[in-house]
Amino acid sequence: MTAIKHALQRDIFTPNDERLLGIVNVCKAGKKKRNCFLCATVTTERPVQVKVVKVKKSDKGDFYKRQQTWELRDLMEVDAKDASKENPEFDLHFEKVYRWVASSAAEKNSFISCIWKLNQRYLRKKVEFVNVSSQLLEELPKAEESVPSGESQSVAGGDEDALDDYQELSAREEQDIEGMMEMCEYAVSNAEAFAEQLSRELQVLDGANIQSIMASEKQVNILMQLLDEALGEVDTIEGKLSSYEEMLQSVKEQMDQISQSNRLIQISNTNNVKLLDEIQFLVNYMDLSKGHVRALQEGDLTSPKGIEACINASEALSQCMNVALRPGHDKLAAVTQQQLLFAELRDTFARRLTNHLNNVFVHQFNHFSHFKMTMPQFYRSSCLSLPGHDQSSTLSQHSEMSLPKHSPLHRDLLRYAKLMEWLKNTHREKYEGLSRTYVDYMSRLYEREIKDFFEVAKIKMAGTSKEAKGKFGLHGSSGKLTGSTSSLNKLTVQGANSRRSQSSSLLDMGNMSASDLDVADRTKFDKIFEQVLSELEPLCLAEQDFISKFFKLQQHPAVMPPLAQPETEEADGGSVSRIPPQAEHRQSLSSEKDLVRLMMNKIFQSIETELNSLIALGDKIDSFNSLYMLVKMSHHVWTAENVDPASYLSTTLGNVLVTVKRNFDKCISAQIRQMEEVKISKKSKVGILLFVTGFEEFAELAETIFRNAERRGDLDKAYVKLIRAVFTNVEKVANESQKTPRDVVMMENFHHIFSTLSRLKISCLDAERREAKHKYTDHLQSYVINSLGQPLEKLNHFFEGVEARVAQGVREEEVSYQLAFNKQELRKVIKEYPGKEVKKGLDNLYKKVDKHLCEEESLLQVVWHSMQDEFIRQYKHFEDLIGRCYPGSGITMEFTIRDMLEYFSSIAQSH
């Protein structure tokens, strides 16, 4: 490596006035091994420039060439990869990262050390060294760091050792040397004489120095004498300090005795204060006033003042019993005696409170039961169902249908809410016993009231129509449609009773006709159902709010439910096993809201059954009532869920809503099934099908009911099912029709469907509305074209043959030379259709169309106008063919477009 270093210095760097200080043999990491040299150099001229040069050996000869050069000031980072292990890899971060692998770790360390020294000397530590051993980064000598980096340095040795030994002269040293050389003129010409003179002067200075040292011996002796005197004074001071220390030691012993006495006095005072605090604590927190004791033992639980005194006394007793005693208090006899007194007072008052509240429950139950018996306007409704009793005559006595309000009972009992909370925290068994007692009495009371209330509601609901009894069996019929609108018009004069008994009408089976049940009756049913829900909702909310406040079920962690499982009673000859109260007590709930809901389920266990019974009755009276019930029930469920999604009311109404939705779906399915069973008469024209008009009436009624409903999605789904069934069965009837053409059945019914959907603007049926319009238009055009082929039948066949010849490749001008289609044949065909014959044919066509179409839809003029347009189009088409295939023949039709317009107009007016 030394020979290479000298060769590089000689051949590459010396010609460029550079000095080589460090070298390493490297190759690029991860690539084919192509060795090169990285050289650290400095320039010999000022200002000094430090560079890193990449030198490569030439492939053709034994000489080196400079390949790439970087300024050291552009070097940002040196990464040695690993500071603890020998690793030949390292990275140099210039404008990009250069990864190298040295031939040995020693060469790499030597090169990195050289770079570090050059960085310290010339760049003021600008380069960052990463993963480099601290041994390589040795600080340069202070003298070297003080040398300015911009001054020139002598080249000595040309290697890294010369860099370490070299030291620049300071400016002052340079001035002294220059002054000395100016004093000796021969200093440059005769260096030996100059050196001898300097040696003589140095000897003279050494001799003077020795004489000066010898002359100072006297002063040294004087200094030694002064030091001896100072030592004597120090000994004297030390003796005095020892005597002072002995005196202070005696004082210290006396002060320790005084401090010990003070500490004992302080401990005694502290113990007395703590004892006083303990006594004061027990007196303050373990003492119950005589007034509180009297209130707990014999306080009045009926008057407001007595209840307030009992509340204050119970709170004071709870504070005394729940006080956190300090360690050792439980061993005091007075504390134990006081605790026994408190426990006795607690048990006594809990027993008094429980007995009193039980009496209050019984009294209130008897009061409301007696109050019920004294209200015949509401509670005697059960007699209305007796045989021979005239229901319609007694309904007038029940103009108001409402449930009794229990707010007075709740108001009286809420006075004891704080006492119930105390009982809940102190005597859980008595608290749960009261809960069971209250639920038992209230469940019996509410069961009677709700049963009577729903009985009245059912009678009012059944009395909405004078023929309610006849309608109850309406859904049992399953007759099939055997006539059409036109054929059944004669039956309408037979009266309402005959209309209801007509089993052949789809509307009778599905109750889809508004005339089947008066709108006023349905509105009255809606009001009755809404009144039932409006009465039940505040009743349940008030009871749930009372239970939460009275039994304090929203302020503490969940307690064991006294009513986790409903007690069963013998009913209808069967009995269900009764779960003992002890088992109920052991069950736990996740939250107090669940406990409230369970208590509500026990109290109002008959509501859901009664609601389902009422819904079944309404659906039996009229299946359309399911629409009203769905809207009302959805609204009340939505309102209840907004208040409390987990409440009893929300859960119960949600369950009933499922039943209502199921009835609604059954109604829709029954209507679809009845559409599929439709049969038409073979002897009369079809007209507008009954299930088409039925869908119109259903949609009108549904839109009125669901105008602002929350469950619009259910109706939209039903709409889609019904309209698809209508479409399918219209096409089915049209295909089976023998009296009326298929196009007429499709045209009239889809026109009616399109008109209905356009008028009602049902957004979910926009696609079906467009489809109905498309079908109506297509079948109108088909009917017009098929009908118009008959008045000019021979003329149509003739020109169809002409078009066929042209399509086969015959030129239009040569068609007249065809034997079957020459001018004479054309004139013969045209003469068969003079204006009088055409008018006669159109008149017959008008009569035929009038016979096909029904009067309800009023499409005659629309069809006749379309036929006029189609006839004019055919006329123009015939004239165009004559002009192209028979040019210059002068052949024209026997009538003009003006004549045709007059024919159509006169025929329409004459009929």
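Reading guide: rules and limits
Residues numbered from 1 in each chain as written. Predicted model: local features only at pLDDT ≥ 70, side-chain atom pairs only at ≥ 80, totals over all residues. Heavy atoms only, no water. Helix = DSSP H or I, 4+ residues; strand = E, 2+ residues; numbered from the N terminus. Buried < 20%, exposed > 50% of the residue type's maximum accessible area, 1.4 Å probe, protein only. Areas by Shrake-Rupley, 256 points an atom, 1.4 Å probe, with all protein chains shown as cover. Salt bridge = Lys/Arg side-chain N within 4 Å of Asp/Glu carboxyl O. Core = buried A, V, L, I, M, F, W, Y, C linked by side-chain atoms within 4.5 Å. pLDDT = per-residue confidence, 0-100. Contact = heavy atoms within 4.5 Å. Phe/Tyr/Trp six-rings, centres within 6.5 Å; stacked < 30°, edge-to-face > 60°.

Glancing now at the overall build of the chain. Helices and strands together make up the secondary structure of the chain, namely 34 helices and 8 strands. Each of the 911 residues in the chain was classed as buried or not, and the buried ones make up 43%. Surface exposure of the chain reaches about 50400 Å², of which carbon and sulfur atoms provide 51%.

Before going further, it helps to spend a moment on the pattern of salt bridges. If you walk through the whole model with that rule in mind, you get 27 salt bridges. Asp 91 is paired through a salt bridge with Arg 99; the nearest N and O atoms lie 2.8 Å apart. Residue Asp 91 is classed as buried on the basis of its relative accessible area of 3%. A network of salt bridges, in which partner residues are shared, links Glu 18, Lys 51 and Arg 66.

The next point concerns the environment of Arg 662. Looking at where Arg 662 falls in the secondary structure, it is placed in helix 25 (residues 648-676). Between the C-alpha atoms of Arg 662 and Ser 626, which are 36 residues apart in sequence, the distance is 9.2 Å.

Turning next to the nonpolar core. Residues Tyr 438, Val 863 and Met 867 are the most contacted members of the largest nonpolar core, which totals 175 residues. At 14 residues, the largest contribution of residues to this core is made by helix 15 (residues 428-462). Val 26, Cys 36, Ala 40 and Ile 115 belong to the second largest nonpolar core, which has 32 residues in total.

Moving on: the confidence of the model for the chain. Scored by pLDDT, the chain has a mean of 77; 80% of the residues are at 70 or more. Confidence over residues 373-399 falls short of pLDDT 50; this stretch has 34 contacts with residues more than four positions distant or in other chains. Low pLDDT, under 50, characterises residues 555-589; the predicted model gives this stretch 61 contacts beyond four residues in sequence or across chains.

Moving on, we get to the packing of aromatic side chains. Describing an aromatic ring pair means giving the distance of the ring centres and the angle of the ring planes. Counted by the stated rule, this structure contains 24 aromatic pairs. Judged by centre distance (5.9 Å) and plane angle (25°), the rings of Phe 604 and Tyr 648 are stacked. Of the two residues, Phe 604 is situated in the loop between helix 22 (592-603) and helix 23 (607-621) and Tyr 648 in helix 25; the sequence distance between them amounts to 44 residues. Between Phe 695 and Tyr 719, the ring centres sit 6.4 Å apart and the planes meet at 70°, which makes this aromatic pair edge-to-face. Here Phe 695, found in helix 26 (residues 690-705), pairs with Tyr 719, found in helix 27 (residues 712-736); they are 24 residues apart in sequence, far enough to count as distant. Like Tyr 719, Phe 695 is buried. An aromatic cluster is built from Phe 361, Tyr 431, Tyr 438, Phe 546, Phe 550 and Phe 551, whose rings are joined through pairwise contacts.

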